[in-house]
Amino acid sequence: MVFKRYVEIGRVALINYGKDYGRLVVIVDVVDQNRALVDAPNMVRSQINFKRLSLTDITVNIKRSPKKKTLIKAMEEADVKNKWENSSWGRKLIVQKKRASLNDFDRFKIMLAKIKRADLVRRELAKLKKEATF
Amino acid sequence: MICRASITPGTVLIILAGRFKGKRVVFLKQLPSGLLLVTGPFKINGVPPRRVNQAYVIATSTKVNISGVNAEKFDDKDFSKKADKKKNIKEEAEFFEAESKVKTKLPNEKKDDQKAVDAALIKAIEVFPDLKSYLGARFSLQDGMKLHELVF
């Protein structure tokens, strides 16, 4: 039971409570045992309690308290956005957001699509059942 | 009179109460009385040009192009109930008689008005795939759907 995601300068984390819920931030400095200084491209650098952060696998190569420009450059070099959007965690969140924003008409179209797909699956299954001999 | 900002001509509304509850209908215009003039279209879901109170309606964000539809003719007066033959409650014979009500047939001009409005509407609806079957289906809450979290 070893820890794999450490709190370190450059660790990318997800804010899981509060006004900035759902935002990806980089730990830029550690204030004390409980709090970190945290920064992101479209946000004012601020302190936040570790309890409000969920650490991700992604790290950025920065020194302690970099300038905003340096931080943004380092984030682009580490390709944080793409890594996040391709990770299973990131993809899950994107799907959740999409589902929550669905229109009534969208929900209807999805229902039709699900029925169509289930129909195709059942047809294939029936075909395979016919061919199979146990 | 006030109309909710989300309800503009061409919006698809979900009727929440009455005979057509759950039906998705197209909003035409707001009548002087404040009620909303709404139509199925009739061929798609059986809702005729009808008045509906906006309190009993959910406005979705789906909009149909209603520019080709002329709803000018409709007014509150068209929807007033015809004066029924006065039924005398004292006449018990009539009361217990098998209800042989003469069904008042819908005057033809009403049917023509409805057809005129719906013809242009249906053309605008067929532009979008699936919109026709969407309007033909009723809305209902399913397992796991949280109304206060749904986006319409």
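Every residue gets a number counted from 1 within its own chain, in the order that chain's sequence is written. Both sets of labels track the order of writing: A upward for chains, 1 upward for ligands. Where local features are concerned, this predicted model is filtered to residues with pLDDT of at least 70; where side-chain atom pairs are given and counted, the filter is 80 or more; whole-chain, interface and lining totals use all residues. The side-chain quantities take in all heavy atoms of the structure and omit both hydrogens and water.

### Quick notes on the overall build of chain B
Part 1 of the reasoning: Summing up its helical and strand segments, chain B has four helices and five strands in all.
Part 2 of the reasoning: Helix and strand assignments follow DSSP, with helices taken as H or I runs no shorter than four residues and strands as E runs no shorter than two, numbered in order from the N terminus. Moving toward the C terminus, one meets the helices and strands of chain B in the order β-β-β-α-β-β-α-α-α.
Part 3 of the reasoning: Considering chain B as a whole, with its 152 residues, one finds that 36% of them fall into the buried category.
Part 4 of the reasoning: By definition in these notes, contact holds between two residues if any of their heavy atoms fall within 4.5 Å. Residue pairs in contact within chain B that sit at least 24 positions apart in sequence constitute 64% of those at least 6 positions apart. For every residue, the accessible area obtained with a 1.4 Å probe (protein chains only) is divided by the maximum for its type, and the residue is called buried under 20%, exposed over 50%, and partly exposed between those limits.

### Concerning a positive patch on the surface
Residues and elements named next belong to chain B.
Part 1 of the reasoning: Judged by side-chain charge, Lys 43, Lys 105, Lys 111 and Lys 115 come together as a positively charged surface patch.
Part 2 of the reasoning: Following the sequence through the fold, Lys 111 ends up in helix α3 (residues 108-126).
Part 3 of the reasoning: With a relative accessible area of 32%, Lys 111 lands in the partly exposed category. Patch membership requires more than 30% relative accessible area and the absence of a salt bridge. Residues of like charge join within 9 Å; the nonpolar side chains Val, Leu, Ile, Met, Phe, Trp and Tyr join within 5 Å. Note on areas: these come from Shrake-Rupley sampling with a 1.4 Å probe, and a residue is covered only by the protein chains present in the view. Should a side-chain nitrogen of Lys or Arg be within 4 Å of a carboxyl oxygen of Asp or Glu, the pair is scored as a salt bridge. As used throughout, the charge tally considers Lys and Arg to be positive and Asp and Glu to be negative, leaving His and the chain termini uncounted. Charge positions are represented by NZ for Lys, CZ for Arg, CG for Asp and CD for Glu.

### Points about the sheet that holds strand β2 (residues 24-30) of chain A
Residues and elements named next belong to chain A.
Part 1 of the reasoning: Here we have five strands laid out as an open sheet, ordered β4-β3-β2-β1-β5, and antiparallel in their pairing. If you trace the sheet from one side to the other, it starts and ends with β4 (46-49) and β5 (53-59), each paired once. Pairs of neighbouring strands in the sheet enclose a mean axial angle of 50°, with direction left out of account.
Part 2 of the reasoning: For two strands to be treated as a pair, DSSP must find no fewer than two bridges joining them. Pairing analysis gives four bridges linking strand β1 (residues 11-15) to β5, with the strands arranged antiparallel. The residue bridging Ala 13 from the neighbouring strand is Leu 55, located in β5. Axis geometry follows a simple rule: fit a line to the C-alpha atoms, using only the stretch in contact for helices, then measure angles between N-to-C directions, giving values from 0 to 180 degrees.

### Some thoughts on the interface of chain A and chain B
Part 1 of the reasoning: At the junction of the two partners, chain A supplies 10 residues and chain B supplies 17 residues.
Part 2 of the reasoning: Joining two parts hides part of their accessible area as seen by a 1.4 Å probe, and the buried area is that hidden amount summed over both. Counting the surface chain A buries against chain B, the share from its top three residues, Asp104(A), Phe105(A) and Phe108(A), is 54%.
Part 3 of the reasoning: Our enumeration of links across chain A and chain B arrives at one salt bridge.
Part 4 of the reasoning: Between Arg24(B) and Asp104(A) there is a salt bridge, and its shortest N-O distance comes to 3.1 Å.
Part 5 of the reasoning: Each polar contact in these results corresponds to two N or O atoms within 3.5 Å; when the atoms are within protein, one needs to be able to donate a hydrogen and the other to accept it, and residues that are neighboring in sequence are counted only if both atoms are side-chain atoms. Linking chain A with chain B are four residue pairs in polar contact (both at pLDDT 80 or more).
Part 6 of the reasoning: The biggest single contributor to the side of chain A that touches chain B is helix α4 (residues 104-131) of chain A, with six residues.
Part 7 of the reasoning: Taken together, the residues of the side of chain A that touches chain B break down into five nonpolar, two polar and three charged. Following the grouping adopted for this structure description, the nonpolar residues are Ala, Val, Leu, Ile, Met, Phe, Trp, Tyr, Cys and Pro, the charged ones are Asp, Glu, Lys and Arg, and the polar ones are all others, Gly among them.

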